[in-house]
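# Architecture and fold: a report
So you can see what is in the structure, the chains are spelled out below.
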Amino acid sequence: MGKTNVKKVVTRFAPSPTGFMHVGGVRTALYAWLWARKNNGTFILRIEDTDKEREVEGSIDHIKECLKWLELDWDEGPDKGGPHLPYLQSERLELYKRYAQILINKGLAYPDPYSDEELDGFREQAELHKKPFLYREYRPAEFEKWDEKKPLRFKTPEIKETKWNDLVYGDLSAGPEALDDFILIKSDGYPTYNFAHIVDDIEMGVTHVMRGQEFISSTPKFLAVYEALGVKPPLFATLPPIMAPDGKKKLGKRDGAKDILEYRKEGYLPEAMMNFLALLGWNPGTDQEIFDKDELVKSFELDRVQRSGARLDEKKLDWINKEHLKKLSPEAIQNSILEWLPENMRSGIAGKLEPVLFERISKWGDIRQMAGAGELDFFFKKPELSDGSKLLFKNASAEETVQNLRKAAEWLSGISDFRKEDIKNVLMEIADSLDARGKLLHPVRYALTGLDKSPDPFIVAEILGKEETLDRLNGAAGILKSLE
Ligand code: GLU
């Protein structure tokens, strides 16, 4: 560990409660959590609810629910407490005022004397001269006393180039135009994000700040405030953007930036989701792609976070999920299958479906989908063979098909332990004696399932059991016979 890490690592996830959490937000939380856990540090959840207009009801509960689903437990924060209570910014207004007062006392903050119309006028002037609008160019020569009815602005002490180091993006710099007299406290008494998060990161002893690229352009302003307060800034680790599945543009709601709890509804495992999110912008430098939680904590390194955009690839998520499903115990798999089958399919034969279901799914929700599409109905009730001609394989006649089905039923009735291996042996023996195997295997499949495509008929027969299998084969033969 380098010298900078001697202090106990403290990270935070600081979402604004402005809507649902999507992969980008949760990935930020995950990286901050991983870094804290890896370093035996502290992971804080702080709710940045100072923009009351953008707040969406229920978001705070939603945020907590997402973190809980992924088991990203926080050491300090809502419901948990900690030495820096409260953890909702809207309940910390006095603290921001105290910090604002420090800046006022240093002559580094002042009330904005202008009306909205006046500011609009300045903006228009700047536009007319094709210059960026910088408030500081209109800074009043003398500062009034702050009565809290006016916005309080930061007085940028020194207009200069800013250079800083980012743990992911390396050396970064920005020209003087990145610095401006931004608002610290709004006229409604709430601080801006730009100010509040600095105060809180200082108060909470945050050592590493992980967040998205959209904050790079404001970092010079943040650094100027740290300097004005005489506090060393935390280390910054900017995370790469998440790209839409086509890899060409940043992920937007239309390209699948969906509520993270949707993945839970679709039946992904939280440990798979965590694994997937971890690899969305980070790699271990080895071929390993499947990680459990402990392995991730051990392997995660900030210096292996990539700079280039990370593509959201749900096929990869499906693959990762399947790998995690395979690690579950047989009992857990059995229980989940029952849980994900529709209620009316949870008894009787349901307990035997594992061999056909498990290999065909990548997430539990696929079971529900298959059931919804009627693909499992034949296990629970005899298929309707209203169109008997579908039992016929290519040019096979009804007469020979009836014979084949009857023979299959007869031979199968002789098996005492009705298992797919024996079932297969028997059926293949008959099939191989014909000029085309399909003349037996197709009608058997169709008689058992009523489908042209289905899991293989041997396992279907085993699951249905001997009696039901023979019944269906003879029944199909009967239907065909009546067509002759
Ligand atoms: N409240 C900010 C957001 O939700 C957090 C940014 C930060 O982590 O500093 O985007």
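Residues numbered from 1 in each chain as written. Predicted model: local features only at pLDDT ≥ 70, side-chain atom pairs only at ≥ 80, totals over all residues. Heavy atoms only, no water.

### Some remarks on the overall build of the protein
From N to C terminus, the protein includes 19 helices and 11 strands. A compact globule built from 484 residues should have a C-alpha radius of gyration of about 23 Å, whereas the protein, at 33 Å, is more than 25% larger. Across its three principal axes, the protein shows a C-alpha extent of roughly 105 × 50 × 35 Å. For the protein, contacts bridging at least 24 residues in sequence account for 74% of all contacts bridging at least 6. Element-wise, carbon and sulfur atoms account for 48% of the exposed surface of the protein, whose accessible area totals about 23600 Å². (Helix = DSSP H or I, 4+ residues; strand = E, 2+ residues; numbered from the N terminus. Rg over C-alpha atoms; globule rule 2.2 N^0.38 Å. Contact = heavy atoms within 4.5 Å. Areas by Shrake-Rupley, 256 points an atom, 1.4 Å probe, with all protein chains shown as cover.)

### Brief notes about the pairing of strand S6 (residues 170-174)
Looking at chain direction, strand S5 (residues 162-166) and S6 are connected through five bridges and run antiparallel. Considered in S6, the bridge of Asp166 is made with Gly170. The hairpin turn running from S5 into S6, its antiparallel successor, is three residues long. (Pairing = 2+ DSSP bridges.)

### What to know about the packing of helix H16 (residues 420-432) against helix H18 (residues 457-464)
Put simply, H16 and H18 touch, their axes get as near as 8 Å, and they point 125° apart. In this view, H16 runs oblique relative to H18, as classed from their interaxial angle. Viewed along their axes, H16 and H18 form a crossing whose handedness is right-handed. Of the residues in H18, those in contact with Lys420, Ile423, Lys424, Leu427 and Met428 of H16 are Phe458, Ile459, Ala461 and Glu462. (Axes fitted to C-alpha atoms, helices over the stretch in contact; angles between N-to-C directions. Parallel < 35°, antiparallel > 145°, perpendicular 65-115°, else oblique. Left-handed = near helix turned anticlockwise from the far one by under 90°.)

### A word on the side chain of Thr156
Relative to the helices and strands, Thr156 resides in the loop between strand S4 (152-154) and S5. Within the local environment of Thr156, its side chain forms a polar contact with the side chain of Asp181, the two groups lying 2.8 Å apart. (Polar contact = N/O pair within 3.5 Å; in protein donor to acceptor, adjacent residues only side chain to side chain.)

### Focus: the side chain of Arg37
Within the fold, Arg37 resides in helix H1 (residues 23-38). Within the structure, the side chain of Arg37 is placed 3.0 Å from the backbone oxygen of Asp73, a separation counted as a polar contact. The contact partners of Arg37, leaving out residues within four places of it in the chain, are Phe43, Asp73, Asp75 and Val297.

### Focus: the site of the ligand
Arg12, Ala14, Pro15, Ser16, Glu48, Tyr193, Arg211 and Phe215 make up every residue found near the ligand. Contacts to the ligand include Arg12, whose side-chain N or O atom sits 2.6 Å from an oxygen atom. Contacts to the ligand include Arg211, whose side-chain N or O atom sits 2.9 Å from an oxygen atom. Relative to its unbound accessible area of 300 Å², the ligand is 79% covered by the protein chains. By residue class, the composition of the shell around the ligand is four nonpolar, one polar and three charged. (Near = heavy atom within 4 Å. Nonpolar A, V, L, I, M, F, W, Y, C, P; charged D, E, K, R; others polar.)

### Description of the packing of helix H3 (residues 93-105) against helix H5 (residues 193-203)
Where H3 contacts H5, the axes come no closer than 10 Å and their chain directions differ by 100°. The orientation of H3 relative to H5 falls into the category roughly perpendicular. Residue-level contacts link Leu95, Tyr96, Tyr99, Ala100 and Leu103 of H3 to Phe195, Ala196, Val199, Asp200, Ile202 and Glu203 of H5. Broken down by class, the residue content of the contact of H3 with H5 amounts to nine nonpolar, no polar and two charged.

### Here's the deal with the sheet that holds S4
Taking strand neighbours across the sheet as the criterion, the three strands line up as S3-S4-S7 in an open arrangement whose pairing is antiparallel. The open sheet has two free edges, formed respectively by strand S3 (109-111) and strand S7 (183-185), since each of these has just one partner strand. Strand-to-strand, the axes of this sheet are offset by a mean angle of 40°, without reference to chain direction. With two bridges connecting them, S4 and S7 associate as antiparallel partners. Bridge pairing in S7 places Arg153 opposite Ile183. Here H3 sits on the sheet and contacts S3, S4 and S7; the angle it forms with S7, its principal contact strand, is near 130°.

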